[in-house]
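Working through the structure, step by step
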Amino acid sequence: EIITLNVGDHYKDLDAGYILGCSNVSFDFSATTVNDLTCNDSNDGQVNLSLTGGTAPYSYNWSNGATTDDLNNLAPGNYVVTVTDNNGCEGTYSVTISEPAAIAATATATNVACSGGDNGAVQVTVNGGTAPYSYNWNTGATTQSINSLTAGQYSVTITDANNCSTTQSASVDQAGDLLVSVDQATNVTCNGDNDGAISISVSGGTAPYSFDWSNE
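Presented here is a report on the structure given in the accompanying data block. (Residues numbered from 1 in each chain as written. Predicted model: local features only at pLDDT ≥ 70, side-chain atom pairs only at ≥ 80, totals over all residues. Heavy atoms only, no water.)

1. Digging into the pairing of strand β7 (residues 77-84)
Our working definition: Pairing between strands is defined by DSSP: at least two bridges between them are needed. In DSSP terms, a helix is any run of H or I states spanning at least four residues, a strand is any run of E spanning at least two, and both are numbered starting from the N terminus.
With four bridges connecting them, strand β5 (residues 59-62) and β7 associate as antiparallel partners. Each bridged residue has a counterpart across the sheet, and for N61 the counterpart in β7 is T82. Pairing analysis gives eight bridges linking β7 to strand β8 (residues 90-97), with the strands arranged antiparallel. Of the residues in β8, the one forming a bridge with T82 is T92. Remark: five residues form the turn of the hairpin made by β7 and β8, two consecutive strands paired antiparallel; G88 in that turn has positive phi of roughly 90°.

Dropping the structure here:
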């Protein structure tokens, strides 16, 4: 007797002499769900494998060594599973687990213009993660930027739509007190002359300086 085997078939029982036609067996993985990482480097990816076809029960052999149907706590990457049914027929399925970019935030401070003032500000720029973002400042503010600040340290916790978060801080400084000292005063040589002079030094505040003399 001549027995013809197709690709994927194998001789199931030498005594009974019948062919298991795996070439005609197909597996459908279309109902499988894949969950990417919620946060950058969170390693919480998931694969919930769902299949039809072949003959249950099935065995599973994943490329990461797992032998369960579902996978949890996955890092980003490609995962391939070989499914073997009760008759020895095999099917393969592959998935890719991705992760969002890390939240990248920059806090930029505008210093108080004069000593004791309250016109400082901090502006936050955010990229990565999953928009929209929420903001929680150590002042209680929930806006992206804060204004009317005195000198001090300010921090903000930025949380994205997946509840991933990062914290940034910025220091708002202020100029020192404006100090003026007279270095030298030269009197007029004779009555009616105009050869007098005054030399001053200025420190503190924010350069450059402007000068408005009384000339009295």
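Next comes the rest of the write-up.
2. Digging into the packing of aromatic side chains
Which entries qualify depends on this criterion: Only rings of Phe, Tyr and Trp enter the pairing, Trp through its six-membered ring, and a pair is recorded when the two centres are within 6.5 Å. The plane angle decides the type: under 30 degrees is stacked, over 60 is edge-to-face, the rest tilted. Burial classification: accessible surface area is computed with a 1.4 Å probe over protein chains only, and a residue below 20% of its type maximum counts as buried, one above 50% as exposed, and the rest as partly exposed.
A full pass over the atoms with the stated rule returns three aromatic pairs. Summarising the aromatic geometry, the rings of F27 and Y58 are spaced 6.3 Å apart at their centres and angled 70° between planes, so their arrangement reads as edge-to-face. Of this pair, F27 sits in the loop between β2 (18-20) and β3 (33-35) while Y58 is found in the loop between β4 (45-48) and β5, placing the two residues 31 residues apart along the sequence. Overall, the relative accessible area of 15% leaves F27 in the buried class.

3. As for the sheet that holds β3
Defined as follows: Here the axes come from fitting lines to C-alpha atoms, over the contacting stretch only for helices, and the angles between their N-to-C directions go from 0 to 180 degrees.
With antiparallel pairing, three strands are arranged side by side in an open sheet as β3-β4-β6. The open sheet is flanked by β3 and β6 (71-74), the only strands paired with a single partner. Strand-to-strand twist in this sheet, taken as the mean axis angle between neighbours without regard to direction, amounts to 10°. One ladder, built from three bridges, connects β3 with β4; its direction is antiparallel. Paired with V34 across the two strands is V47, which belongs to β4.

4. Focus: the sheet that holds β8
Pairing is antiparallel across the open sheet formed by three strands, whose spatial order is β5-β7-β8. Here the strands that pair on one side only, and so sit at the sheet edges, are β5 and β8. Neighbour-to-neighbour, the strand axes of this sheet turn through a mean angle of 25°, independent of strand direction.

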